[in-house]
Amino acid sequence: MPAVRRPLVAGNWKMNGSRAALAEIGGMAQAFDAGLRSKIDLLVCPPVPLLWAAAKAALGTGIAVGAQDCHARTSGAHTGDVSAEMLADVGATAVIVGHSERRADHGEKDQDVRAKAEAVRRAALTAIVCVGETRDEREAGKTLAVVRRQLRGSIPEGSTAAGLVVAYEPVWAIGTGLTPTVADVAEVHGMIRAELRKLVGKGEFEGVRILYGGSVKPSNAAELMAVENVDGALVGGASLKASDFMGIAGVYR
Ligand code: 13P
């Protein structure tokens, strides 16, 4: 019998937002009423300088805050880097690792992503491990192979349902307004679930949430979130405005 997975709607603000943007968290809190709170988890991942203030703004609202990346080590001579322990200290409960923008802009490989995911676990936070194919890889029919390789390389052994979330984000769908068909999403998410069975401890893999990310908007969220093995969304641009983000989360009402 499939485990019941509580949907997670997560917002990735990327390198956007100043202190004024914290007002959006207030707006999200207003729409995150008891009914919706009883059904889903809501997470906002602002840039690091806003994390502590975001955690305070979110206090008592049921909204969790997270980070977009971390270093694999706890502390030390790593100028400009931030550890998972530091993120936990300022109120983060989750860390996105292996986002395609990190893989592309900073050359992060699967082994780096795995080391970061292990650091997130060491800090007792939830790792949101991102995977997804490029347009060329999709057109070459390599989507499943690429995503499978990323999963095998990036997910730490012994991950638990509480400590791991997988986000499938086709690179070509990020920020483009393009989305895969529901059949394509179902195929990839089904493969991810099957792969998790091998990678994650027995009794845990069914509880791992698999998010879809890439041009999720209020207008397409219902269709995408209804796909089997889609347990929520990782939202970029549409998470910057409370009305859009809560329009997406609201499909779970
Ligand atoms: P968009 O929702 O802006 O396409 O971004 C998706 C994403 O990269 C979230 O991590």
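Everything below is about the structure printed above this text.
Residues numbered from 1 in each chain as written. Predicted model: local features only at pLDDT ≥ 70, side-chain atom pairs only at ≥ 80, totals over all residues. Heavy atoms only, no water.

**Student:** Help me out: how do you make sense of the site of the ligand in this one?
**Tutor:** Not every one of the 13 residues close to the ligand is listed here, only the nearest: Lys14, His99, Gly175, Ser215 and Gly237. Between the ligand and asparagine 12 there is a distance of 3.0 Å, counted from an oxygen atom to a side-chain nitrogen or oxygen. Residue histidine 99 places a side-chain N or O atom 2.8 Å away from an oxygen atom belonging to the ligand. For the ligand, whose accessible area on its own is 310 Å², the fraction buried by protein is 94%. (Near = heavy atom within 4 Å. Polar contact = N/O pair within 3.5 Å; in protein donor to acceptor, adjacent residues only side chain to side chain. Areas by Shrake-Rupley, 256 points an atom, 1.4 Å probe, with all protein chains shown as cover.)

**Student:** Honestly, the side chain of threonine 143 in this entry has me stumped. Any pointers?
**Tutor:** As for its position among the elements, threonine 143 is in helix α8 (residues 143–154). A relative accessible area of 7% places threonine 143 in the buried class. The residues touching threonine 143, leaving out its near neighbours within four places in the chain, are Glu133, Glu137, Arg138, Tyr168 and Val188. (Helix = DSSP H or I, 4+ residues; strand = E, 2+ residues; numbered from the N terminus. Buried < 20%, exposed > 50% of the residue type's maximum accessible area, 1.4 Å probe, protein only. Contact = heavy atoms within 4.5 Å.)

**Student:** Explain the nonpolar core here, please?
**Tutor:** Considering soluble globular proteins, one finds that nonpolar side chains tend to be buried as a cluster. Ranked by internal contacts, the top residues of the largest apolar core, which has 69 residues, are Val9, Leu42, Ile63, Val166, Ile192 and Leu196. One finds Ala10, Ala94, Ile96 and Val165 within the second-largest nonpolar core, a separate group that totals 12 residues. (Core = buried A, V, L, I, M, F, W, Y, C linked by side-chain atoms within 4.5 Å.)

**Student:** Which parts of the structure should I look at to understand the sheet that holds strand β2 (residues 41–45)?
**Tutor:** Through backbone hydrogen bonds, the strands of a sheet pair up, either in parallel or in antiparallel fashion. The sheet built from 8 strands closes into a barrel, its strands ordered β1-β2-β3-β4-β5-β6-β7-β8 with parallel pairing. Averaged over neighbouring strand pairs, the angle between their axes works out to 25 degrees when direction is ignored. On top of the sheet, helix α9 (residues 182–199) reaches β5 (126–131), β6 (164–168) and β7 (209–213); it is set at about 150 degrees to β7, its chief contact. (Pairing = 2+ DSSP bridges. Axes fitted to C-alpha atoms, helices over the stretch in contact; angles between N-to-C directions.)

**Student:** I keep staring at helix α3 (residues 48–58) and nothing clicks. Help me out?
**Tutor:** Listing the buried residues of α3 in full gives Leu50, Leu51, Ala54, Ala55 and Ala58. The buried residues of α3 occupy one face: seen down the axis, they fall within an arc of 145 degrees. Projecting away from the buried face of α3 at angles above 90 degrees are the exposed residues Pro49 and Lys56. The inward-facing, buried residues of α3 contact α1 (22–31), β3 (63–67), α4 (84–89) and β4 (92–97). At the exit of α3 stands glycine 60, carrying a positive phi of roughly 80 degrees. (Arc of directions from axis to C-beta.)

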